[in-house]
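Coordinate analysis (summary)
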Amino acid sequence: MSRLTVVVADDEPLGRQRLVRLLERESDAQVVAVCADGATALAAVRRHNPDLLFLDVQMPSLDGFSLLRQTDGKGRPAVVFVTAHDQYALQAFEANALDYLLKPFDEERFHKAYERARERLSGPPARDTAAGNGDEGAHPDRLAVKRDGTVYFVKTADVDWVEAASNYVRLHTGRETHLLRESMTGIGARLDPRRFLRIHRTAIVNVDRIRELQPWFSGEYIVILQDGTKLKVSRGYREVITRWLGKAC
């Protein structure tokens, strides 16, 4: 098993010590630098070119996001943010962080974050672009949602469909739903257009969940999902379905 080189950056001494202690329990982790401020952490990243960086958000001299902006794309390590503040979760996700450890976290939660990093680093390189509508841009494979003061990550592949809910969107994942403060336009831009289609001003559907398509009144259609959920395709979005089918409906 190849070893993963790790840099730890946290301005709290107890936080650094705990991260190092937890990493020592992982058989393939090799801590190459432990840093108390952003400038030192940036220098350590440039010197050691680590596989993985456990990074606090708020640090002296250089905060975590500023540090990442100063690393070049190819040389940037995989990043797990570690912080006591949940308001940075979305920003961390937009920075392509692998995970977001919200203090205080237990050993099991840490191990899951490390496992995720190990799987990502041992697998094939992640695809950073998608070209479903002719535009190229990153589409996250997870979405950060907040519930009861805790930040959760929902895999986009697990989303059956997205529903408009006033100033929020509701992510339907099997029997669970998750509220995300986002507009339908905003979430539509973040989801991979090869996998998700907007079929109504209030609905976006995962095409892998579509079981059948039935004609409805006035040129509209009904999409039936694998679990039996029925969603209306409005006339304004009929062309979207037509292109997806590759033939006239």
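Numbers given for residues are sequential positions, taken from 1 along each chain in its written order. In view of the model being predicted, local features appear only for residues whose pLDDT reaches at least 70, and side-chain atom pairs are presented and counted only at 80 or more, with totals across whole chains, interfaces and linings using the full set of residues. Values shown for side chains rest on all heavy atoms present in the structure; no hydrogens or waters enter the calculation.

1. Side note on the sheet that holds strand β1 (residues 4-9)
Strand pairing in a sheet takes place through backbone hydrogen bonds and is either antiparallel or parallel in direction. Read across the open sheet, the five strands follow the order β2-β1-β3-β4-β5; overall the sheet is parallel. Only two strands of the sheet have a single partner each, and these edge strands are β2 (29-35) and β5 (99-102). Strand-to-strand twist in this sheet, taken as the mean axis angle between neighbours without regard to direction, amounts to 20°. The pairing of β1 with β2 spans six bridges and is classified as parallel. By the bridge assignment, T5 is partnered in β2 with Q30. Against the sheet, helix α2 (residues 38-48) contacts β1, β2 and β3 (52-56), and its axis sits at roughly 140° relative to β2. Here, a strand pair is defined by DSSP locating no fewer than two bridges between the strands. In this description a helix means any DSSP run of H or I spanning at least four residues, a strand means any run of E spanning at least two, and both kinds are numbered starting from the N terminus. In this description, a line fitted to the C-alpha atoms serves as the axis of each element, helices being fitted only across the stretch in contact, and the angle between N-to-C directions of two axes falls anywhere from 0 to 180 degrees. Contacts were defined at the residue level, with two residues in contact if any of their heavy atoms lie within 4.5 Å.

2. Regarding unusual backbone geometry
In this structure, P104 follows K103 across a cis peptide bond, with omega equal to -5°. Relative to the helices and strands, P104 is located in the loop between β5 and α5 (107-122). In this structure, S61 is a non-glycine residue whose phi angle is positive, near 75°. Although it is not a glycine, S166 adopts a positive phi angle of roughly 60°. Position of S166 among the secondary structure elements: in the loop between β8 (161-165) and β9 (168-173).

3. Some remarks on the packing of helix α1 (residues 13-24) against α5
The geometry of α1 relative to α5 is characterised by a closest axis approach of 11 Å and an angle of 65° between their N-to-C directions. Here α5 runs roughly perpendicular to α1, going by the angle between their axes. When you trace α1 past α5, the crossing you get is right-handed. Here R18, L19, L22 and L23 of α1 come into contact with α5, specifically with E107, F110 and Y114. Orientation is classified from the angle alone, with under 35 degrees giving roughly parallel, over 145 giving roughly antiparallel, 65 to 115 giving roughly perpendicular, and any other angle giving oblique. Two helices crossing with the near one rotated counterclockwise from the far one by less than a right angle form a left-handed crossing, whereas a clockwise rotation gives a right-handed crossing.

4. Some thoughts on the environment of L171
With respect to the element layout, L171 can be found in strand β9. Beyond its immediate stretch of four places on either side in the chain, L171 contacts L143, V145, W161, V162, E176, T177 and H178.

5. Here's the deal with the nonpolar core
Joining through side-chain atoms within 4.5 Å is the link that ties buried Ala, Val, Leu, Ile, Met, Phe, Trp, Tyr and Cys residues into a set, and such a set is a nonpolar core. Partly exposed describes any residue whose relative accessible area lies between the buried limit of under 20% and the exposed limit of over 50%, with all areas from a 1.4 Å probe on protein chains only and scaled to the type maximum. By size, the foremost hydrophobic cluster in this structure holds 28 residues, and its most contacted members are L53, L55, L67, L68 and F81. Only β1, β2, α2, β3, α3 (64-69), β4 (78-83), α4 (89-94) and β7 (150-155) provide two or more residues apiece to this core. Among the nonpolar cores identified, the runner-up in size contains 20 residues, and L19, L98, L101 and A117 belong to it.

6. Quick word on the sheet that holds β9
A sheet is described by the order of its strands in space; here five strands give the open sequence β10-β9-β8-β12-β11, paired in antiparallel fashion. Among the strands making up the open sheet, the edge pair consists of β10 (176-180) and β11 (196-200). Direction aside, the axes of adjacent strands within the sheet are offset by 25° on average. Inspection of the sheet shows β9 paired to β10 by five bridges, in the antiparallel sense. Among the inter-strand pairings, R170 is bridged to a residue of β10, identified as L179.

7. Regarding the pattern of salt bridges
Pairing between side chains becomes possible if they bear opposite charge and their charged atoms approach one another. We count a salt bridge whenever a side-chain nitrogen from Lys or Arg sits within 4 Å of a carboxyl oxygen from Asp or Glu. Applying the stated rule across the entire model yields 17 salt bridges. Salt-bridge contacts for R118 lead to E115; the nearest nitrogen and oxygen are separated by 1.8 Å. With R118 and E115 both in helix α5 and three residues apart, this pair spans about one turn of that helix. Accessibility expressed as a relative area gives 18% for R118, which makes it buried.

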